[in-house]
Amino acid sequence: MSPASVFVCLSLTLLSDYPVIRVKPDNSGVVTDGVKHSMNPFCEIAVEEAVKLKEKKFIKEVVAVSCGPTQVTETIRTALAMGCDRGIHVEVSGKDYEAMGPLQIAKIFAALAKKEEASLVILGKQAIDDDCNQTGQMTAALLDWPQGTFASEVTIDGEKVKVVREIDGGLETIKISMPAVLTADLRLNTPRYATLPNIMKAKKKKIANMKPADLGVDMVSRVEVLRVDEPPTRLAGVKVETVDDLVAKLKANGTI
Amino acid sequence: MASPLIRCFSKVGRQVSRPWSVCQHGLRNRSTQPDMSAEQAAALGVSYPPLQTYSEEEGMMRDAVNKFAQERLAPFVSKMDENSLMDPEVIKSLFEQGLMGIEIDPEYGGTGSTFFSSILVIEELAKVDASVAVLCDIQNTLINTLFTKLGTAAQKERYLSRLSTDMVGSFCLSEAESGSDAFSLKTRADKHGDYYIINGSKMWISNAEQAGVFLVMANVDPSAGHRGISCFVVDRDTEGLQIGKKENKLGLRASSTCPLNLDNIKVPEKNVLGQIGHGYKYAIGMLNEGRIGIAAQMLGLAQGCFDQAVPYTRQRVQFGKRIFDFQAMQHQIAHVATQIEAARLLTYNAARLKEAGRPFIKEACMAKYFTSEVATLTTSKCIEWMGGVGFTKDYPVEKYYRDCKIGTIYEGTTNIQLSTMAKFIDKEYDH
């Protein structure tokens, strides 16, 4: 089965260099109103990889998918401007959106990938707001497809994909058969800028709309967030004169 | 995506260490409210949306150029200024991003977008470097517009596709003896059968070092006064065209400004742009639009400078509090912010008026005049707010200060703008 379509699954996150993220007064979460959102940086890398594969003629079509409220269409448009062919916006808003976690998203992506007969699903390795690093893996498990996560290099070799993965010990190279799920890591590529002519072309590309119910996915969360707290403020350090003092201090506060 | 803005604070002995590159952090699009697109405003039933409402396409373009300018262009800026030389890489990337043919039809390789998009692009570029912005502005608002409006099919075919992909253009009107009094130009074009011989010299020609094509305004019949002025398309490699040494300027140093010598240049009849004797009309028409482009450049310059200085005032502590917290500082900063906002509204409104096909010349003059004055005020104040460090070349504000000065001078001096406005005002009270 030669690769036909690749799904790139995007996440909309809080802008990466926004100076101050505040916890809500009731500790139920983080303040998101009025905070600028944009495409998750790892998802940008995923889009770039998919578009590159299409340019090298390994795949025919790149579909950009995202779940969330209307804001999310901007992200899909950016992906279209980077070179994706069409988009799918799965509408999730209000309470459902607040409760939406990796499992619900993975279920949606899995259902879509099956429905549209995708041969590759590429995601960013994690979203920079929650750092979960679960959606890709869960999607693969739900589809029962092989997965190449933390990819820093992707090569298509006939019916198989060679993935070089960044792991704690260094680099691991695996070969998996398609259809498969890949998650993009930082060094996979440098995302291109959407050129103005491509932005204009993106206007004409289609974004289909659907709801999780259309895919038969139940959005009920099995996870309840109990509390969100800011990390404790960093305390000043203590200076010591000699190594013996250091050892004594460490023993005193129970570290050793 | 690793943020390129994380650099180590390497300056020893300075309380607030902000090497050049880190200063770019301040340039992120700092709107206090998320922008609403025109489509969203319409959906809400807001029929007269505020001026800062962009179509989805305009918003995306602005964001794309903002990102591109701050990540790809910013690293080149200080070196280009010091060496008084535009890096060819920069020009290449402008073409690659589609920024040099914003309004050109996709049929000729352009982006096929609107005038307002050009204005937004120029503003975003100017936040980072006014020299790059002016290169883009001249190309889009003067050169491309002239070819699009006046070009024959053959001329469009030959030039528009080059202008949108790899060729820079120059507009040659001013001479040593004719600046504001543009129509007293002395360059002559004498007809000989099916070609013209052009003789004369031009001065203050922007982009001259990089241009592949020059639009030269010359007079075919000096006895007819300005009604002899015509526009000629001159290729760079035309024999007799000499590009002089570029000026060593106070500001906008990366933009090449050269004198031109035209020594018996032979230009075929088919290279006349538009009609003979109508050149003065074309020049006026184009400069009216170019005015809004310059307003956008000065606006971006002011905003970019402001965005560098304010974060400093929030960090710098004296007498136990941030200098931003002193009332005198707050008042000055708020005053400047108001001026910039007013300048922005004038500029955007002039652009929208032009797009709507409504009269816009008085408003365009107002926009150019006001924004250039605001840029002067803003940059001067920003240096003061940053104190000693503002005065050094290690920090970007002094460059904005030097760059802004040309705003009140080129493409119609402030005095010319004011006189033009007065003429319109006079007419308004005619009945």
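A quick note: this is a predicted structure, and the numbers were derived from the prediction, not measured. (Residues numbered from 1 in each chain as written. Chains lettered and ligands numbered in written order. Predicted model: local features only at pLDDT ≥ 70, side-chain atom pairs only at ≥ 80, totals over all residues. Heavy atoms only, no water.)

A.B. asks: I would appreciate a short explanation of the interface of chain A and chain B in the present structure.
C.D. replies: Taken together, the contacts link 17 residues of chain A with 25 residues of chain B. Where chain A abuts chain B, roughly 2,000 Å² becomes buried across the two surfaces, and 63% of that area is made up of carbon and sulfur atoms. The tally of links from chain A across to chain B stands at 3 salt bridges. A salt bridge links A:Arg77 to B:Glu56, with the nearest nitrogen and oxygen atoms 3.1 Å apart. Taken together, the links from chain A to chain B amount to 5 residue pairs in polar contact (both at pLDDT 80 or more). For the side of chain A that touches chain B, the secondary-structure elements that each account for two or more residues are α1 (41-55), α2 (72-82) and α6 (196-204) of chain A. Residues of the side of chain A that touches chain B, tallied by class, amount to 10 nonpolar, 2 polar and 5 charged. (Contact = heavy atoms within 4.5 Å. Buried area = accessible area lost by both parts, 1.4 Å probe. Salt bridge = Lys/Arg side-chain N within 4 Å of Asp/Glu carboxyl O. Polar contact = N/O pair within 3.5 Å; in protein donor to acceptor, adjacent residues only side chain to side chain. Helix = DSSP H or I, 4+ residues; strand = E, 2+ residues; numbered from the N terminus. Nonpolar A, V, L, I, M, F, W, Y, C, P; charged D, E, K, R; others polar.)

A.B. asks: When you look at unusual backbone geometry in this model, what are you seeing that I'm missing?
C.D. replies: Backbone phi values are negative for most residues with the exception of glycine, while trans is the configuration of most peptide bonds. For the bond running from A:Met178 to A:Pro179, omega is 5°, close enough to zero to count as cis. Of note, A:Pro179 is situated in the loop between β9 (170-177) and β10 (180-184). Phi angles above zero are rare outside glycine, and B:Asn207 is one such case at about 70°. Structurally, B:Asn207 is set in the loop between β3 (195-206) and β4 (211-219). Despite not being glycine, B:Leu252 shows a phi value in the positive range, around 50°. Note that B:Leu252 resides in the loop between β6 (241-243) and β7 (257-268).

A.B. asks: Just checking my understanding: could you explain the pattern of salt bridges for this structure?
C.D. replies: Pairs can form between side chains of opposite charge whenever their charged atoms are close. Following the criterion strictly, the structure yields 38 salt bridges over all chains and no others. Close ionic contact of B:Glu123 with B:Arg344 constitutes a salt bridge, the shortest N to O distance being 2.8 Å. You can see B:Glu123 sitting in helix α5 (residues 115-128) and its partner B:Arg344 sitting in helix α9 (residues 327-355), a full 221 residues away along the chain. A residue is classified by how much of its surface remains accessible, and B:Arg344, at 9% relative accessible area, is buried. The residue B:Lys149 makes a salt bridge to B:Glu289 at a minimum N-O spacing of 2.9 Å. With a gap of 140 residues between them, B:Lys149 in helix α6 (residues 130-150) and B:Glu289 in helix α8 (residues 279-315) connect regions that are remote in the sequence. Assessed through its relative accessible area of 6%, B:Glu289 is described here as buried. The network of salt bridges with shared partners includes A:Glu48, A:Lys52, A:Glu55 and A:Arg192. (Buried < 20%, exposed > 50% of the residue type's maximum accessible area, 1.4 Å probe, protein only.)

A.B. asks: Is there a simple way to think about the UniProt feature "domain: Electron transfer flavoprotein alpha/beta-subunit N-terminal" (unreviewed entry) in chain A in this case?
C.D. replies: Here the UniProt-annotated "domain: Electron transfer flavoprotein alpha/beta-subunit N-terminal" (unreviewed entry) positions come out as residues 27-219 of chain A. In residues 27-219 of chain A, helix accounts for 33% and strand for 30%; the two terminal C-alpha atoms are 23 Å from one another. (UniProt positions renumbered as here; feature names shortened; annotations may be inferred.)

A.B. asks: Looking at this structure, how should I read the sheet that holds strand β4 (residues 61-68) of chain A?
C.D. replies: Pairing between the strands of a sheet comes from backbone hydrogen bonds, and it takes one of two forms, parallel or antiparallel. All names here are of chain A. Ordered in space as β9-β8-β7-β10-β6-β1-β4-β5-β11, the 9 strands form an open sheet in which the pairing is mixed. Sheet topology places β9 and β11 (207-210) at the edges, where each strand pairs with a single neighbour. Neighbouring strand axes in the sheet, compared pairwise and without regard to direction, differ in orientation by 30° on average. In this sheet, β11 lies alongside strand β5 (residues 86-91) in parallel orientation, the contact comprising 4 bridges. (Pairing = 2+ DSSP bridges. Axes fitted to C-alpha atoms, helices over the stretch in contact; angles between N-to-C directions.)

A.B. asks: Would you mind showing me how to read the UniProt feature "domain: Acyl-CoA oxidase/dehydrogenase middle" (unreviewed entry) in chain B here?
C.D. replies: The UniProt feature table records "domain: Acyl-CoA oxidase/dehydrogenase middle" (unreviewed entry) at residues 170-264 of chain B. Helix makes up 0% of residues 170-264 of chain B and strand 49%, whereas the separation of the span's terminal C-alpha atoms amounts to 19 Å.

A.B. asks: What's the story with the packing of aromatic side chains in this structure? I'm lost.
C.D. replies: Any aromatic ring pair is given by two values, namely how distant the centres are and how the planes are angled relative to each other. Taken as a whole and judged by the stated rule, the model has 9 aromatic pairs over all chains. Judged by centre distance (5.8 Å) and plane angle (85°), the ring pair of A:Tyr193 and B:Phe68 falls under edge-to-face. Here A:Tyr193, found in the loop between β10 and α6, pairs with B:Phe68, found in helix α3 (residues 56-83), and the two come from separate chains. There is no split in this pair, since A:Tyr193 and B:Phe68 are both buried. Seen in terms of ring centroids, B:Phe116 and B:Tyr348 are 5.2 Å apart; in terms of plane orientation they differ by 70°. Their pairing is edge-to-face. Residue B:Phe116 is found in helix α5, and its partner B:Tyr348 is found in helix α9; the two are separated by 232 residues along the sequence. Grouping aromatic residues by their ring pairs yields a cluster made of B:Tyr54, B:Phe116 and B:Tyr348. The ring of B:Tyr195 carries B:Lys266 above its face, with NZ or CZ at 4.6 Å from the centroid. When the ring centre of B:Phe326 is taken as reference, the NZ or CZ atom of B:Lys321 above it lies at 4.6 Å. (Phe/Tyr/Trp six-rings, centres within 6.5 Å; stacked < 30°, edge-to-face > 60°. Lys NZ or Arg CZ within 6 Å of the ring centre and 35° of its normal.)

A.B. asks: I would appreciate a short explanation of the nonpolar core in the present structure.
C.D. replies: Among the nonpolar cores identified, the biggest contains 143 residues, and B:Leu125 and B:Phe171 are the most heavily contacted of them. Here this core gets 18 residues from one element, more than from any other, and that element is α8(B). Apart from residues lying up to four places away in sequence, B:Phe171 is in contact with B:Leu142, B:Ile143, B:Leu146, B:Ile205, B:Leu215, B:Met217, B:Ala283 and B:Leu287. Counting residues in each nonpolar core, the second largest holds 26 residues, with A:Met100, A:Ile108, A:Leu143 and A:Leu215 among its members. (Core = buried A, V, L, I, M, F, W, Y, C linked by side-chain atoms within 4.5 Å.)

A.B. asks: Quick question: what am I supposed to make of helix α7 (residues 153-165) of chain B here?
C.D. replies: Side chains that are three or four residues apart share a direction in an α-helix, a result of its 3.6 residues per turn. All names here are of chain B. Along its 13 residues, α7 runs 18 Å from first to last C-alpha, staying within 8% of the 18 Å computed at 1.5 Å per residue. Remark: the principal bend of α7, roughly 25°, maps to tyrosine 159. Against the buried residues of α7 lie α4 (88-96), α6, β1 (168-172), β4, β5 (229-235) and β8 (272-273). (Expected span 1.5 Å × (residues − 1). Bend = angle between axes of the 7 residues up to and from the residue.)

A.B. asks: Mind showing me how you'd approach the pairing of β9(A) here?
C.D. replies: The side chains of a regular strand alternate between both faces of the sheet. All names here are of chain A. Pairing of strand β8 (residues 160-167) with β9 involves 8 bridges; the strand directions are antiparallel. Note on β9: the bridge partner recorded for lysine 162 is lysine 175. Taken together, β8 and the strand that follows it, β9, pair antiparallel across an intervening segment of 2 residues.

A.B. asks: Would you take a moment to explain the environment of B:Gly300 for this structure?
C.D. replies: Residues and elements named next belong to chain B. The topology assignment puts glycine 300 in helix α8. With relative accessibility at 0%, the residue glycine 300 sits in the buried group. The spacing of glycine 300 and isoleucine 205 is 95 residues in sequence and 23 Å in space, taken between C-alpha atoms. For glycine 300, the contacting residues outside a window of four places in its chain are Glu123, Ala126 and Lys127.

A.B. asks: Just to check I follow, could you spell out the packing of α3(B) against α4(B) for this structure?
C.D. replies: Axes are the key here: two packed helices are described by the angle between their axes and the distance separating the axes. All names here are of chain B. The geometry of α3 relative to α4 is characterised by a closest axis approach of 10 Å and an angle of 160° between their N-to-C directions. When the interaxial angle is binned, α3 and α4 end up roughly antiparallel. Taken as a pair, α3 and α4 cross one another with a handedness that is left-handed. Of the residues in α4, those touching α3 at Phe68, Arg72, Leu73, Phe76 and Met80 are Glu89, Val90, Ser93, Leu94 and Glu96. Split by residue class, the contact of α3 with α4 holds 6 nonpolar, 1 polar and 3 charged. (Parallel < 35°, antiparallel > 145°, perpendicular 65-115°, else oblique. Left-handed = near helix turned anticlockwise from the far one by under 90°.)

A.B. asks: Help me understand the packing of α2(A) against α6(A) in this model?
C.D. replies: All names here are of chain A. Look at α2 against α6: their axes get within 8 Å of each other, and the N-to-C directions meet at 120°. When the axis of α2 is compared with that of α6, the two are oblique. Between α2 and α6 lies a crossing of right-handed hand. Counted together, Arg77, Leu80 and Ala81 of α2 and Asn198, Ile199, Ala202 and Lys203 of α6 form the full contact between these two elements. Looking at the contact of α2 with α6, its residues break down into 4 nonpolar, 1 polar and 2 charged.

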